[in-house]
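Each chain, letter by letter, is given below.
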Amino acid sequence: MLDPHTGHTVAGCLILLSLLHINLSAGGSGKSSQSHDDMHVIHNNQPDLQEIVFVIQSQSNSFHVKQAERRRADLLKQAHSLAEKPPVVLLSHTLSNHEGDWSILPLLPNLSYSFGKNSSWILFLEEETNVKLTKLVQVLAKFNKKNEWFLGKPLHDEESTIIHHYAFAENPSIFKYPDFAAAWAVSTPLVVRLANKVKNEPLKSDFTIDLKHEVALYIWDNGNGPPLTAVPELCTEPEGSHETRHCATTLRTEPALCGEPVNKEDIFVAVKTCRKFHNKRVPVIKKTWEKDAFFLEYYSDYADASIPTINLGVPNTERGHCGKTFAILQRFVSGVVPETKWLLVVDDDTLISLSRLQGLLSCYNPSEPVCLGERYGYGLSQGGYSYITGGGGMVFSREAVVRLLDSGCKCYSNDAPDDMVLGMCLNALDLPVTHSPLFHQARPEDYARDFLAHQVPISFHKHWNIDPIAVYNKWLKEDLQAKASDGLNENAKTEL
């Protein structure tokens with residue numbers, strides 16, 4: 001049986017021991033997990049299915065509820081076929097009315113109270129994560145359930161990045177955090193200790209930006225808690241590929257059953273710009289994705305007929321742009337522009353694939369108040385709110401825009417942060433923010449390579465220190481879907 005390395009306070013020792021620990025885990029996970037048939041008991045420590053609590057990281061939007069329910073049904077069907085009593089399978093969005101539950105840490109006291117005495121593992125998974133129950137049980141049997149374990153497929157940064165607050169700037173690759181798509185597990189002793197910590201110590205950061213990195217930091221606790229242990233059987237390869245024979249988890253391969261992509265005519269695109277970027281950023285849009293928009297307008301502080309841009313009468317601000325964004329929302333429902341089902345609001349340095357967005361939107365009902373993009377959070381542990389970060393693109397159904405404006409919600413100043421003000425308004429209206437990992441607030445190099453490898457992205461943001469046209473051609477141009485050799489899994493394209 002493997003024993004975890006805990007309680008190290010010297011960073012250098014922690015790193016060396018963590019590397020040794022990962023090697024031991026990987027080395028011990030090979031033949032024993034694949035020998036005989038799947039029902040073979042490989043270790044006296046093997047848990048019963050009832051000792052594993054599955055938490056699907058679900059969302060309240062109707063499409064995502066269906067996806068999560070399908071995942072739960074698959075787990076229960078597998079348990080039934082094994083003649084096992086069904087395990088507990090939870091949908092995270094149903095566990096309480098607390099907006100911050102998606103950030104995981106606020107859930108821990110509830111999980112500890114409900115399952116701390118009669119369970120051995122909490123396994124978190126996403127809607128698209130396939131789980132092979134017999135293989136998973138074998139994998140967990142390798143780890144002493146009485147000790148503190150944090151298990152997953154490790155990701156790491158190749159350079160320090162803004163989305164991680166430039167953590168570990170001298171050696172970014174040294175810190176490992178889990179790829180949620182592969183599923184990740186924590187032992188009950190660790191859950192119980194963390195739950196007490198959450199209850200007794202306020203969380204230090206106001207912002208939730210990249211949840212998987214922040215959860216790993218919280219668990220590691222500057223070396224006072226366990227680092228992530230790499231588990232090779234937690235995989236993000238597509239189900240059915242020859243590389244997944246050893247895997248306990250894989251990614252689904254079938255496209256989401258959402259019908260045909262929405263028509264171009266159903267999306268109105270609003271680009272926020274200003275006079276100083278007319279000759280620098282706007283030409284990038286015109287050379288890349290503008291041609292794929294049927295309805296598009298550029299909104300600026302200066303009317304330039306050569307683009308053309310529209311002056312909304314809102315002065316430009318160095319930050320925030322709330323006044324401009326709310327003027328765009330008003331214009332969208334005013335009858336001045338064509339009436340479409342969807343509104344996309346982007347910055348002038350957003351790079352986006354509109355054709356992929358058309359496919360994604362086929363999964364959502366525009367008659368519902370849909371607010372879609374990359375979800376961030378503010379003050380989630382203290383009754384805060386979620387919001388769509390603006391740089392990756394904010395998508396609203398017409399119904400959502402109407403409800404926002406009818407509520408009387410407005411900016412407290414023109415330079416207030418528009419995405420955060422909208423988040424506060426949505427929270428007050430009890431309208432959900434729907435997250436898609438295919439939208440990105442930052443550049444490709446700001447994300448772990450293995451994280452991007454199993455998705456076909458919809459957007460990136462910022463031109464800083466990159467060639468934006470080259471980035472668009474590599475990551476967002478439509479022929480990317482034919483380039484499985486570029487590190488993208490052809491069968492996992494639709495991570496919708």
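Our subject is the structure that appears above.
Residues numbered from 1 in each chain as written. Predicted model: local features only at pLDDT ≥ 70, side-chain atom pairs only at ≥ 80, totals over all residues. Heavy atoms only, no water.

## Digging into the sheet that holds strand β12 (residues 249-251)
The mixed open sheet is built from three strands, whose spatial order is β4-β12-β11. In the strand order of this sheet, the two ends are held by β4 (129-131) and β11 (234-238), each with one partner. Ignoring strand direction, the axes of neighbouring strands in this sheet form an average angle of 35 degrees. Summarising the sheet, β11 and β12 pair through two bridges and their orientation is parallel. Residue leucine 234 lies in a different strand from β12, and its bridge partner there is threonine 249. (Pairing = 2+ DSSP bridges. Helix = DSSP H or I, 4+ residues; strand = E, 2+ residues; numbered from the N terminus. Axes fitted to C-alpha atoms, helices over the stretch in contact; angles between N-to-C directions.)

## Describing empty space enclosed by the protein
Scanning all chains against the criterion turns up eight cavities of 30 Å³ or more. Estimated volume of the largest cavity: approximately 620 Å³. Looking at the largest cavity, it is lined by 31 residues, and the ones nearest its centre are Glu126, Phe180, Arg375, His435 and Pro437. At the level of elements, α7 (211-220) and β19 (375-378) are the ones that each hand at least two residues to the lining of the largest cavity. A class-by-class count of the residues in the lining of the largest cavity yields 14 nonpolar, eight polar and nine charged. (1 Å grid on protein atoms, 1.4 Å probe; cavity = no way out; pocket = protein on both sides within 12 Å on 5 of 7 lines; lining within 4 Å. Points joined across faces, edges and corners; volume = space filled by probe spheres on them. Nonpolar A, V, L, I, M, F, W, Y, C, P; charged D, E, K, R; others polar.)

## Looking at unusual backbone geometry
A cis amide bond links isoleucine 307 to the next residue, proline 308, at an omega of -10 degrees. In this structure, proline 308 sits in the loop between β14 (295-300) and β15 (309-311). A positive phi angle, near 55 degrees, is found at asparagine 222, a position not held by glycine. Here asparagine 222 lies in the loop between α7 and β10 (229-230).

## Description of the packing of helix α9 (residues 322-332) against helix α12 (residues 418-428)
Taken N-terminus to C-terminus, the directions of α9 and α12 make an angle of 60 degrees; their axes are 8 Å apart at the nearest point. By the angle between their directions, the pair α9 and α12 is classed as oblique. Note on element contacts: α12 touches α9 through Asp418, Val421, Leu422 and Cys425, opposite Cys322, Thr325, Phe326 and Leu329. Tallied by class, the residues present in the contact of α9 with α12 amount to six nonpolar, one polar and one charged. (Parallel < 35°, antiparallel > 145°, perpendicular 65-115°, else oblique. Contact = heavy atoms within 4.5 Å.)

## Overview of the side chain of threonine 288
Structurally, threonine 288 can be placed in the loop between α8 (282-287) and β14. Here the side chain of threonine 288 touches valine 284 through a polar contact of 2.7 Å, landing on its backbone oxygen. (Polar contact = N/O pair within 3.5 Å; in protein donor to acceptor, adjacent residues only side chain to side chain.)

## Focus on the packing of aromatic side chains
Aromatic ring pairs: the centre-centre distance and the angle between the two ring planes describe each pair. All told, the structure shown has 17 aromatic pairs when counted by the stated rule. Seen in terms of ring centroids, phenylalanine 168 and phenylalanine 175 are 4.8 Å apart; in terms of plane orientation they differ by 10 degrees. Their pairing is stacked. The exposure class assigned to phenylalanine 168 is partly exposed, which follows from its relative accessible area of 25%. Seen in terms of ring centroids, tyrosine 376 and tyrosine 387 are 6.0 Å apart; in terms of plane orientation they differ by 75 degrees. Their pairing is edge-to-face. Note that tyrosine 376 is positioned in strand β19 and tyrosine 387 in strand β20 (residues 385-388), a separation of 11 residues in sequence. Considered together, tyrosine 376 and tyrosine 387 belong to a single accessibility category, that of buried residues. One aromatic cluster is present, formed by Phe207, Tyr376, Tyr378, Tyr385 and Tyr387 through successive ring pairs. Lying across the ring of tyrosine 302, arginine 275 places its NZ or CZ 3.8 Å from the centre. The ring of phenylalanine 277 is capped by arginine 281, whose NZ or CZ atom sits 3.6 Å from the centre of that ring. (Phe/Tyr/Trp six-rings, centres within 6.5 Å; stacked < 30°, edge-to-face > 60°. Buried < 20%, exposed > 50% of the residue type's maximum accessible area, 1.4 Å probe, protein only. Lys NZ or Arg CZ within 6 Å of the ring centre and 35° of its normal.)

## Here's the deal with the packing of α9 against helix α11 (residues 398-406)
Axis separation between α9 and α11 bottoms out at 10 Å; the angle between their running directions is 115 degrees. The angle between the axes of α9 and α11 places the two elements in the roughly perpendicular class. Once α9 is placed against α11, the crossing between them reads as left-handed. Where α9 approaches α11, its residues Phe326, Leu329, Gln330 and Phe332 are matched on the opposing element by Arg398, Val401 and Leu405. (Left-handed = near helix turned anticlockwise from the far one by under 90°.)

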